[in-house]
Structures are given as structure tokens and as C-alpha cells.
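# Fold and geometry: a report
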Amino acid sequence: MKNFFVLFSVALIAMFLTGCHKSEPYPEMHLPASIAIEEVKPTKHEVTFMLTSTNAVRMSYCCLPKGTTPTEKGWTELVNETSAQITVKDLEPGTAYTLRARAENQWSEMSEIVTRDFETLRLPSLELGVISATADGAEVAVKTADAQHLFWACVPASEKDPSEFTETEALSETTLKVAGLTADTEYRICAYVSDADSRSDLTSKTFRTEAPASIDLSAGGTANCYVVSEPGVYSFTADVRGNGVSSNNDAESKHFESSIAVGADWSADWLWATAEGLVSNVVFDAASKRIRFEASAGRGNVILALFDAEQQLVWSWHIWMTDDPSLQLVGGSSPEYQFLDRNVGATSTAVDDVASFGFFYQWGRKDPFIAASALINPDGAAIPDGDAFQTAMEGSCIFNMAHTIGWETLRNDAAVIEIGKSVEYAAAHPMTFITYGAQLGSSGVGAWVNDDNVQYAELWGYDFVNHTNRKTMFDPCPPGYKVPAWYQEVMADADKTTMVETGQYQSRTYNGGYWPAQGYRTDQGRLSNVGRYGYYWSACSYNHGYPAQNFKGYMLYWYSRMVSNNNAQNEAIGGNIRCIRE
């Protein structure tokens, strides 16, 4: 019992001593902060999301394109908030972004960064694909995405953006069909797409309609003149001068290369015509090196010209719109000689019809000059004072004012015609009648050239020494025909008995063919003896060893009392051409 009492006492003392001392404080716990990114909802230009945190006194976030590392300044802080709904604006549509968030507890301890990737919604978009064009329409492949409506229009390439559009459903892939377009013309297809609240930018693509199918006038050979007898679309090779044959065998005296080095920025147009509306849509296609045009059903004549990038005339061609003149060929003095049934430029073969006159040509030149529009001086009186091409004396003539203001005359000794360059000047100025001003070198009295005439002797291809005749690049006849050789050869029997007077005036009939007495243009360009005399050039220039003849050209010539197949005339005068089969 005694021992028990002792132990009990000791225990009480110990308890007392313990209760007399203050207990030590328990160490405080640092609870970490955490954060979560939830409810991420992107639109085209912004994103909305929720931030929720625990044990945090501060939250921060940033939104950057995916793969971009943020700087410390790029974070946005939210203080004393444990949750928040955030909207980030001005984002790029259809772009991948990364949201980053972190939280800080009261002991400035930072949580781990949490991330969420997202992509903004894309704007409606479209792609204009392959355009397949025909002469009068086109099909356009279109791809769209994120779109409900497609708006499109087609306008000429030179016009401004369209203000009116056709609306269709925006399919992921579709084909637009455009009709009613003009052939060989540049257009622009314009389109955009939209959804309920936004639209794409306007997209455009240029294309060119195809050239219309054309009849190739040069399929049978190139020339300076082409006959068109039916309405339609026509074309011809435009990189060859005439038939491409040099006028001289001697290369040193050749005036032009046969080919024309055409440029991509060259153009073509009509120069003058004998009536309105004979041709339209005249174009030069640099890819094919061809001039193309649309011919009406009218009858008349048009000159088409090729222009370089500086709008300088390079070469010109005569489009002769008439009934086919080869259907009723007129025989010469032997079966091998076959003439067309009308003069070059004539649209009729009727007796005493001024439409049967055709054009005048200076010897050796390819370019036609307008004839009289009436039988104005059958008594042979010279045309009085005034310009050589007085309006009242010309045939009906329409000028393309973009390229010419009309006919003109120029003396062969004018300073603008470089010595020895008469042929080159004449080709570049097909509406200039070069009159005789002076004999320069051995050019001869009455010549339009201004240098030693020998280099011009075979402009139309006749070799007087060997009596051979070949067509050249200066020949004014259509393919398959040429200026006839010496008339003593091709109409050897021509006289008053074989060339019979026909009609009221001094026209003639030979072997059933009608040869009008159209008169001529003097070497000063004036009309003379219209309805009284006949002047028809041959390809023969009489200048080989006969300087006394002043290098004249030979003609078929007549008036009331005589017919001559061996008449020499000044080469600057204007006479008719009756083409003969090659």
C-alpha cells in the first residue's frame, strides 16, 4: 500500500510540473496554388474561356500563336480573383493559338503553367481554279470553304470591279458557266463568299476568250491582196511581206527581208475603206502571227495594216470584198494566159458601171489608190487646180481617224524620203501618192523613186532581158495571180479589132471580158481622161539599155483611135491592174 502511495505521488508531481510550462506552436503548412483553363470557346477573331484557381491570390494568363514563347510583359494579371471569364480579341481567323495560365499563392509561390491549344474559326474562303474559255463563254472551277453563299460576276478586264453579282449556294466545289462573251477578248471573273456574319475578300482572275474559228486566206499562199466573197471570220499570215519573194536576184539591191519580225505588243487595224462596216474586230494575234477580222456581206475594199509598238505602220494588205473574180476568167492571146474577170478593187463587171473601175497603182507599188466615183471628164479634160485627191473626185472612202486623216501627195525629192529609200517609204505610207518632182540619179523623168532606177527595175518581178516574170512581195494581186508580163506577150493580138468598143464611153471588150476605160492619175496625182482612155500596167519596166526611155513602165493603152499593147508611161502615174494567173 505504501508503495502504491509513493508511485501515485510521483505521478501527480510530474503532471503538475508539466502543466506549469507553455506548449510550443505547431509549424504552419504552405498550401500550393493551382489553376485550370476551362470552357474554351473560339470564334473567328476572339476566344472566351474560364480560369479557376485554388489557394491563389493572383492569376495571370497569355494568348499567343502556337509555338510562340511569351515574355514576362506578355502576361495579364488578375489579383484577388479565384475565377474569371476572359475574352481575348483581335485574333487572326483560322489560326492556331496557345492559352497559358498560372497562379500564385500568398507565399509568392507560383504554380506550374497550364496550357490549352485552340484554333480560331476560319473566314469563308474561295479559290478560283482553272478557267476553260471558248470563243463566246467560259467555265470557271471554284472551291469554297466555311461559306454559305457565293457571289460572282464577269466583266471586261478593262472595267472596274463589278457592283452587281449573281448569288448561288456556296458548295465546296462547283463550276461557274459564263455565256455571251465576245471572242478574243480579255475578261475578269470576280467572286466572294459569305457566311451568316462575315465575307471573304473579293477574288478575281483574268482570262481571254478564244479566237473564233477563221477561214485562212493565206492557206494557198501569202499575198498583199486577199479576196473575200462571203461574210465570216477570216485570218491571214502577217509575218510575211506579200508573197515573200525578193524583187531582185541581186541580194544587195533587195529592199526588204521576206519575213517580218513581229512583236508581242504589235497591233492591227483597218486604215481606210470604201464603205462603212465592211470589216470589224480587226486584231493581231502575236502567238499565231496572224491578222484576223470579221467581214460583213458588203461589197467594197478595205486596207488592213500592221502597227509596231510605237504605232508605226509596218506593212498593209488589201481586202477585196467582191464576187469571186476567178470564176469567169478572161483569156489572153493564148490559152496559157488567163486574166481575172475584173480590175483589182472592182466590185462589178457591168458595162459603164463605175464599180467596175477598180483602183489605180503606181508602177511597182503594192498600194491601191482610190479611183473616180463618176465618169467626170470623158472629154479628156485635165482635172483642174486643187489637191490631187479632191473629195468630190474620189470614190466613197472612209478613213480610220486613229491612223490617218486621208490621202496625200508628196514629191519624190521631198526631204523626208531618204535617197535610195523610196520603196521603204512607200510601204510605210500606203496612202501617199509619190509624185514626180525631179530626176535624182537615173531615176528617170516621171518616176516616183529617187535613186538609180536599176534597183527598182524588177519590183513586179519581170526580167526584161530574159523575158521571165515571177511574182514578188510588191505585187498587188491575190494568191495565185500576178501583175501580167509585157502585154506584147500576154495580149499579143490586142488591137482595135480584138478590143471592141463597148458602152457609152471608150471601154473595151476582149475575149468576152470587159475592160473599162477608167483613165488614170497623172504623175502629179490628178485624175485624167476618166471614161475615155484605158491604162493597164504590166510588170515590165523598160530600163535595160534604153535610158532615152527614162525608165518607163509598159502598159496596155487605148483611146478612141488606137489600141497599144506596147505603150511606155511614166512610172509615177496611176494605172489599173488586171491580174493574170501565175
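What counts and what doesn't
- Residues numbered from 1 in each chain as written.
- Predicted model: local features only at pLDDT ≥ 70, side-chain atom pairs only at ≥ 80, totals over all residues.
- Heavy atoms only, no water.
- 1 Å grid on protein atoms, 1.4 Å probe; cavity = no way out; pocket = protein on both sides within 12 Å on 5 of 7 lines; lining within 4 Å.
- Points joined across faces, edges and corners; volume = space filled by probe spheres on them.
- Nonpolar A, V, L, I, M, F, W, Y, C, P; charged D, E, K, R; others polar.
- Helix = DSSP H or I, 4+ residues; strand = E, 2+ residues; numbered from the N terminus.
- Core = buried A, V, L, I, M, F, W, Y, C linked by side-chain atoms within 4.5 Å.
- Buried < 20%, exposed > 50% of the residue type's maximum accessible area, 1.4 Å probe, protein only.
- Contact = heavy atoms within 4.5 Å.
- Disulfide = S-S within 2.5 Å.
- Pairing = 2+ DSSP bridges.
- Salt bridge = Lys/Arg side-chain N within 4 Å of Asp/Glu carboxyl O.
- Polar contact = N/O pair within 3.5 Å; in protein donor to acceptor, adjacent residues only side chain to side chain.
- Phe/Tyr/Trp six-rings, centres within 6.5 Å; stacked < 30°, edge-to-face > 60°.
- Lys NZ or Arg CZ within 6 Å of the ring centre and 35° of its normal.
- pLDDT = per-residue confidence, 0-100.

Here we take up empty space enclosed by the protein. The full count for this structure, using the stated rule, is three cavities of 30 Å³ or more. Lining the largest cavity, in full, are Gly364, Arg365, Lys366, Asp367, Val423, Ala426, Ala427, Trp448, Leu459 and Phe474. Residue composition of the lining of the largest cavity, grouped by class: six nonpolar, one polar and three charged. If you add up the space inside the second largest cavity, you get close to 50 Å³. Taken together, Asn224, Ile303, Ser316, Trp317, His318, Lys366, Asp367 and Pro368 make up the full set of residues lining the second largest cavity. Considering each element in turn, the lining of the second largest cavity owes the most residues, three residues, to strand S22 (residues 313-321).

With that settled, the discussion passes to the nonpolar core. Core analysis: the largest hydrophobic core is formed by 108 residues, its most contacted members being Ile291, Phe293, Met491, Trp515 and Leu556. With seven residues, the single largest contributor to this core is S22. Aside from chain neighbours lying at most four places away, what touches Met491 is Ser333, Phe339, Met499, Tyr510, Trp515, Leu556 and Asn565. Counting 21 residues, the second largest nonpolar core, distinct from the first, contains Ile35, Val40, Val47 and Cys63.

Note: disulfide means a covalent bond formed between the sulfur atoms of two cysteine side chains. Tallying each qualifying case throughout the model produces one disulfide. Here Cys477 engages in a disulfide with Cys579; their sulfurs sit 2.1 Å apart. Across the S-S bond linking Cys477 and Cys579, the dihedral sits near -95 degrees, which makes this disulfide left-handed. Residue Cys477 is found in the loop between strand S30 (468-469) and strand S31 (481-482), and its partner Cys579 is found in the loop between strand S40 (574-575) and strand S41 (580-581); the two are separated by 102 residues along the sequence. Each member of the pair, Cys477 together with Cys579, is buried.

To continue, consider the pairing of strand S39 (residues 562-569). Of the pairings in the sheet, the one linking strand S38 (residues 552-559) to S39 comprises six bridges and is antiparallel in character. Residue pairing for S39: Tyr559 is matched across the bridge by Met562. Hairpin connection between S38 and S39: a loop of two residues separates the two successive antiparallel strands.

To continue, consider unusual backbone geometry. Phi angles above zero are rare outside glycine, and Ser108 is one such case at about 60 degrees. Mapped onto the elements, Ser108 comes out in the loop between strand S6 (96-104) and strand S7 (114-119). Exposure remark for Ser108: the relative accessible area of 55% places this residue in the exposed category. Even without being glycine, Asp184 reaches a positive phi, approximately 55 degrees. Relative to the helices and strands, Asp184 is located in the loop between strand S12 (173-179) and strand S13 (186-194). Accessibility expressed as a relative area gives 17% for Asp184, which makes it buried.

On to the pattern of salt bridges. This model, assessed by the stated rule, comprises 17 salt bridges. One salt bridge connects Asp146 with Arg122, and the closest N-O pair in it is separated by 3.1 Å. Of this pair, Asp146 sits in the loop between strand S9 (137-145) and strand S10 (149-156) while Arg122 sits in the loop between S7 and strand S8 (125-133), and the two are 24 residues apart along the sequence. Residue classification places Asp146 among the partly exposed residues on the basis of a relative accessible area of 35%. Through salt bridges with shared partners, a single network forms among Lys44, Asp195 and Asp197.

The topology assignment puts Ala427 in helix H2 (residues 422-428). The sequence separation of Ala427 and Val314 amounts to 113 residues, and the corresponding C-alpha distance is 7.5 Å.

This next bit is on the sheet that holds strand S21 (residues 300-307). Strand order in this open sheet of five strands is S16-S22-S21-S18-S26, and the pairing throughout is mixed. In this open sheet, the two edge strands, each paired with only one partner strand, are strand S16 (225-228) and strand S26 (398-399). Bridge count for strand S18 (residues 267-273) against S21 is six bridges, and the pairing is antiparallel. Considered in S21, the bridge of Ser267 is made with Phe307.

Quick look at the environment of Ser316 now. Structurally, Ser316 is set in strand S22. Sequence spacing of Ser316 and Asn224 is 92 residues, and the spatial spacing of their C-alpha atoms is 7.3 Å. Not counting chain neighbours up to four residues away, the residues in contact with Ser316 comprise Asn224, Ile303, Leu304, Ala305, Lys366, Asp367 and Pro430. A polar contact of 2.9 Å, which involves the side chain of Ser316, links it to the side chain of Lys366.

Aromatic ring pairs: the centre-centre distance and the angle between the two ring planes describe each pair. The final tally for this structure, using the stated rule, is 27 aromatic pairs. Plain terms: the ring middles of Tyr533 and Tyr557 are 5.8 Å apart, the flat faces sit at 90 degrees to each other, and that makes the pair edge-to-face. Separated by 24 residues along the polypeptide, Tyr533 in the loop between strand S36 (527-528) and strand S37 (534-542) and Tyr557 in strand S38 bring together distant segments of the chain. Accessibility expressed as a relative area gives 14% for Tyr533, which makes it buried. An aromatic cluster of three or more residues is present, and its members are Trp272, Phe359, Phe369, Trp407 and Phe433. Lying over the aromatic face of Tyr192, Arg199 brings its terminal NZ or CZ to 3.7 Å of the ring centre.

Below, the discussion takes up the side chain of Glu104. Within the secondary structure, Glu104 sits in strand S6. Discounting residues that sit within four places of it in the chain, Glu104 has contacts with Ala33, Asn55, Ala56, Val57, Arg58, Glu109 and Met110.

By volume, the largest pocket is sized at about 340 Å³. Forming the boundary of the largest pocket are 15 residues, of which Leu313, His403, Ala428, His429 and Pro430 lie nearest the centre. Grouping the constituent residues of the lining of the largest pocket by class yields seven nonpolar, seven polar and one charged.

Moving on to the environment of Asp475. Tracing the chain through its elements places Asp475 in the loop between S30 and S31. A relative accessible area of 1% places Asp475 in the buried class. Each C-alpha atom, one on Asp475 and one on Ala223, is 7.7 Å from the other, the two residues being 252 residues apart in sequence. Not counting residues up to four positions away in its chain, the partners in contact with Asp475 are Asn224, Trp460, Tyr481, Lys482 and Val483. A polar contact is formed between the side chain of Asp475 and the backbone nitrogen of Val483, at a distance of 2.9 Å.

Here we take up the confidence of the model for the protein. Taken residue by residue, the protein gives an average pLDDT of 90. The fraction at 70 or more is 90%. Overall, residues 4-8 carries pLDDT values under 50, and its contacts beyond four positions in sequence, including any with other chains, amount to zero contacts. Note that residues 16-23 has pLDDT below 50 and, in this model, zero contacts with residues that lie over four places away or in other chains.

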